[in-house]
There are 2 protein chains.
Amino acid sequence: MRIDVSFSSNHLDELQLRDRNVVVVDVLRASTTVATALANGSREIIPVASIESAVKISGSLFGEVTLRGGERNGKIIEGFNLGNSPREYTEATVRGKSIIFCTTNGSVAMSRSRYARRLVVGGFVNMSAVVNFIKEEQSDFLIICAGKSNGLRSFSIEDAVCAGMMISELTKDKGQDVELTDSSRAAIALFKTFGRSILKMLKTSDHGQYLEEIGMGEDLKICAEIDSIPVLPFQQGTVIKLRRDSGSADATTEPQAAVNV
Amino acid sequence: MRIDVSFSSNHLDELQLRDRNVVVVDVLRASTTVATALANGSREIIPVASIESAVKISGSLFGEVTLRGGERNGKIIEGFNLGNSPREYTEATVRGKSIIFCTTNGSVAMSRSRYARRLVVGGFVNMSAVVNFIKEEQSDFLIICAGKSNGLRSFSIEDAVCAGMMISELTKDKGQDVELTDSSRAAIALFKTFGRSILKMLKTSDHGQYLEEIGMGEDLKICAEIDSIPVLPFQQGTVIKLRRDSGSADATTEPQAAVNV
C-alpha cells in the first residue's frame, strides 16, 4: 500500500479526494477535539467549511440536541456554544449531542474529504487507533495535514510530525509492505527530528506559541498525549462518528467511558 | 529577517506574493536550466504559466532572437525549440537569445511571483549566490518550492532539501539574525537528514526516478553540483536576467564564461 502525505489542504478539492482513503490530521486542535467529543458520548460531528454553512445547517436541526462548536483565530465564534478546546467537550456538555463543527483548518479539510472512500480523523491522542485501521484496510492512504489556511503559510510542523509518526509506526511492522513517496519520507524524517518530545515540539510550533499567547497553553498538553483517547472518528454518510469497533460498541447507543481532559 | 518556506506553489497567487522577496526553487530542473541558460549568455528568460501564453508571447517577438523552451511530463513541448534539460542550453544555442520558458512547475511559480519586490531563482548549482543575495538584502524572504502541480502531490523532497540548505547556510553565519517558522525549521531538518549526498537524494526522489526512467538521468548529476553555476537569475521588469553584479558585468552585453554542462 502506498502512503502519501499532503502537508496542507489548501490546494485539495472534493473531486481530487473522491474515493480515496484519507486521514485528516489537525493536532492543534480539531483532531484532538473531535476525538474527545466522540469519546465523551457526542452522537456525531458534522464538519463544515464555513460559519455560513454552520448557521444554515443548524437552522434545520433541533436546538436541544445540537451544539455549534468551532473557532476563528483560536477563539470561540460568536453565537456558538463551544470553542475548539478539547477541555470544553466534557461528557456533561456533549453526551448525546450532534455537534456542528467549524474550524479554520481541520473542519475544512474534513469537509473537503467528504466524498472520500474512507475518512478518519487522527492526532497523537488516537495514534494507534489510526495506525491499526490503516493496517486493517491494507489500501493506499493519503494523510492530509490540515495545516494553516490563512495567507502564505500553509505548513504546520505538528501535523507533519504526527503524519510521520503514523507512517513510522506502519513501517515498523515488517509484515507491512508500505510504499513511500517524497512527502511520506519527509514526514518520517520530521518525526525522527522533532518527535522525541511531542510537547516540546508543540510548544515551539508557530500555532502552539499562538495558543499559549491567547491563554490556551493547557490544550497543548492534552494534544501531545499519545493514545490518551483511543477512539477512531470515522465518517459515516455525511457525519463523523465513532467507528463501531473502535473501543465502544456504538457511541450513539453505548457511549464508552468518558475521557476527562 | 524572517525566512519562510512554502513547500509548494499551488496555493499561492500573484496578489499574495506582491511586494514580497521571493526565491523560486525548482531543482529538477527549471532552476538549474535557467541558471545555465543565463550563464551561457542568454539575454533573458521570460517565464510563462501555460503553453498558450508561450505561444501568444512568441507571436509578437522576432523568431531569430527568441527561443521557446520547456516541458510537459519532462519532455519537450511540440513546436518548442528546447526542452527543460540544462544540457540543451549551450552557449552555441542560447547566446543573445530571449527564451520563453514554460515548465510544469518552475515557470509557473516564477510567473506567480511576477509582482514580487525581489524575485531570484535558486538551486544547488547557485546556492552561494542566492545565500549571499539574501544576506545583502537583510529583508524577510519567502523560499517557494515549485514542487509538483499535478494532482494531489505537491511536495518535492529535492526542493525542500535545497531550501533547507539555503537556510542552514544563512543561520551558520552567527552575524545573521534569522527568524525561523515551522516550515523553515522543517526544511533545515530535511536538509540535515537528506543533504549528505545531494545526488543520492535526487536519485531516490519521486521526480528524479521519473527523469531516470525517461532517459534524463544525466541531468541529475548537473542539478546536484553545488555552486557549479555561480550566477543569480534575477527578475527585472517582467523578465529574468543575470543580476549585474553576479559574476559577470551584464549578461546581455558582457556574457560570462560559458558553462559547459
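Definitions and limits used
- Residues numbered from 1 in each chain as written.
- Chains lettered and ligands numbered in written order.
- Predicted model: local features only at pLDDT ≥ 70, side-chain atom pairs only at ≥ 80, totals over all residues.
- Helix = DSSP H or I, 4+ residues; strand = E, 2+ residues; numbered from the N terminus.
- Rg over C-alpha atoms; globule rule 2.2 N^0.38 Å.
- Buried ≥ 20, exposed ≤ 12 C-beta atoms within 10 Å, placed from the backbone.
- Contact = placed C-beta atoms within 7 Å.
- Pairing = 2+ DSSP bridges.
- Least-squares fit on C-alpha atoms with pLDDT ≥ 70 in both.
- Core = buried A, V, L, I, M, F, W, Y, C linked by C-beta atoms within 7 Å.
- pLDDT = per-residue confidence, 0-100.
- Axes fitted to C-alpha atoms, helices over the stretch in contact; angles between N-to-C directions.
- Parallel < 35°, antiparallel > 145°, perpendicular 65-115°, else oblique.
- Left-handed = near helix turned anticlockwise from the far one by under 90°.
- Expected span 1.5 Å × (residues − 1).

Draft legend 1. Region of interest: the overall build of chain A. Of the regular secondary structure elements, chain A holds 11 helices and 11 strands. For 261 residues, the compact-globule estimate of 2.2 N^0.38 gives 18 Å, and the C-alpha radius of gyration of chain A, at 17 Å, lies within 12% of that figure. Dimensions of chain A, computed from C-alpha atoms along their principal axes, come out at roughly 50 × 40 × 35 Å. Among the 261 residues that make up chain A, the fraction classed as buried is 58%. Nonlocal contacts in chain A, meaning residues at least 24 apart in sequence, comprise 78% of its contacts between residues at least 6 apart.

Draft legend 2. Broad picture of the pairing of strand S8 (residues 141–145) of chain A. Residue and element names in this part refer to chain A. Where burial is concerned, most of S8 is hidden: five out of the five residues are buried. Across the two faces of S8 the burial is the same, with Phe 141, Ile 143 and Cys 145 and Leu 142 and Ile 144 all buried. Pairing between strand S1 (residues 2–6) and S8: four bridges, direction parallel. Within S8, the position partnered with Val 5 by the bridge is Ile 143.

Draft legend 3. Looking closely at the relation of the copies chain B and chain A. Each copy superposes on the other: chain B lies on chain A with an RMSD of 0.0 Å after a rotation of 180° and an axial shift of 0.0 Å. Here the symmetry operator amounts to a two-fold rotation axis. Residues of chain B ranked by C-alpha distance from the rotation axis are headed by B:His11, positioned 2.7 Å from it. Comparing interface residues between copies, 100% of those in chain B also lie at the interface in chain A; the contact surface is shared.

Draft legend 4. Expanded view of unusual backbone geometry. That bond from A:Leu28 to A:Arg29 is cis: its omega, 5°, falls within 30 degrees of zero. Here A:Arg29 is to be found in the loop between strand S2 (21–25) and helix H2 (30–39). You will see that B:Asp19, though not glycine, has its phi angle at about 65°, which is positive. Turning to its location among the elements, B:Asp19 is positioned in the loop between helix H1 (14–17) and strand S2 (21–25).

Draft legend 5. Just the nonpolar core, in detail. Membership of the largest hydrophobic core comes to 168 residues, with the highest contact counts inside it found for A:Ile143, A:Ile144, B:Ile143 and B:Ile144. Filtering out sequence-adjacent residues up to four positions away, A:Ile144 remains in contact with A:Ser6, A:Ser9, A:Leu12, A:Val22, A:Val23, A:Val24, A:Val25, A:Ala109 and A:Ser113.

Draft legend 6. Inspection of the confidence of the model for chain A at higher detail. Residue and element names in this part refer to chain A. When pLDDT is averaged along chain A, the result is 91; 92% of the residues meet or exceed 70. Contacts for the low-pLDDT stretch residues 247–257, under 50 throughout, to residues beyond four places or in other chains number 20 contacts. Scored as a whole, the predicted complex attains pTM 0.92, and scored at its interfaces, ipTM 0.91.

Draft legend 7. Layout of the environment of B:Asn40. Residues and elements named next belong to chain B. Along the chain, Asn 40 turns up in the loop between helix H2 (30–39) and strand S3 (44–47). Residue classification places Asn 40 among the buried positions, given that 26 C-beta atoms sit within 10 Å. Once the C-alpha coordinates of Asn 40 and Thr 90 are considered, the two residues, 50 residues apart in sequence, prove to be 6.3 Å apart.

Draft legend 8. Representation of the packing of helix H6 (residues 127–137) of chain A against helix H7 (residues 157–172) of chain A within the structure. Residues and elements named next belong to chain A. Two elements in contact, H6 and H7, have axes separated by 10 Å at closest approach and are oriented at 50°. Viewed along their axes, H6 and H7 adopt a mutual orientation that is oblique. Considering how the two elements wind past one another, H6 and H7 form a crossing that is right-handed. Only Met 165, Met 166, Glu 169 and Leu 170 of H7 make contact with H6, whose side of the interface consists of Met 127, Val 130, Val 131, Ile 134 and Lys 135.

Draft legend 9. Focus on the environment of B:Cys223. With respect to the helices, strands and loops of the structure, B:Cys223 is situated in helix H11 (residues 217–224). Leaving out residues up to four positions away in the same chain, B:Cys223 has contacts with B:Val27, B:Leu28, B:Arg29, B:Thr32, B:Gly123, B:Phe124, B:Val125 and B:Leu202.

Draft legend 10. Here's a closer look at the packing of helix H7 (residues 157–172) of chain B against helix H8 (residues 182–194) of chain B. Residues and elements named next belong to chain B. Look at H7 against H8: their axes get within 7 Å of each other, and the N-to-C directions meet at 100°. When the axis of H7 is compared with that of H8, the two are roughly perpendicular. Every residue of H8 that contacts H7 at Ile 157, Ala 160, Val 161, Ala 163, Gly 164, Met 165, Ile 167 and Ser 168 is listed here: Ser 184, Ala 187, Ile 188, Leu 190, Phe 191 and Phe 194.

Draft legend 11. Molecular detail of the environment of B:Asp173. With respect to the helices and strands, the residue B:Asp173 is situated in the loop between H7 and strand S9 (179–180). It is 9.6 Å that separates the C-alpha atoms of B:Asp173 and B:Lys135, two residues lying 38 residues apart in sequence.

Draft legend 12. The pairing of strand S11 (residues 239–242) of chain A, seen in detail. Residue and element names in this part refer to chain A. Across four bridges, the pairing between strand S10 (residues 233–236) and S11 is antiparallel. Pairing of Pro 233 across the sheet is with Leu 242, part of S11. Here S10 folds back onto S11 in antiparallel fashion, the turn holding two residues, of which Gly 237 has a positive phi close to 65°.

Draft legend 13. Representation of H8(B). All names here are of chain B. In this model H8 runs 18 Å from its N-terminal to its C-terminal C-alpha over 13 residues, within 8% of the 18 Å that 1.5 Å per residue would give. Burial runs high along H8: 11 of the 13 residues are buried. Within the span of H8, buried status applies to Asp 182, Ser 183, Ser 184, Arg 185, Ala 186, Ala 187, Ile 188, Ala 189, Leu 190, Phe 191 and Phe 194.

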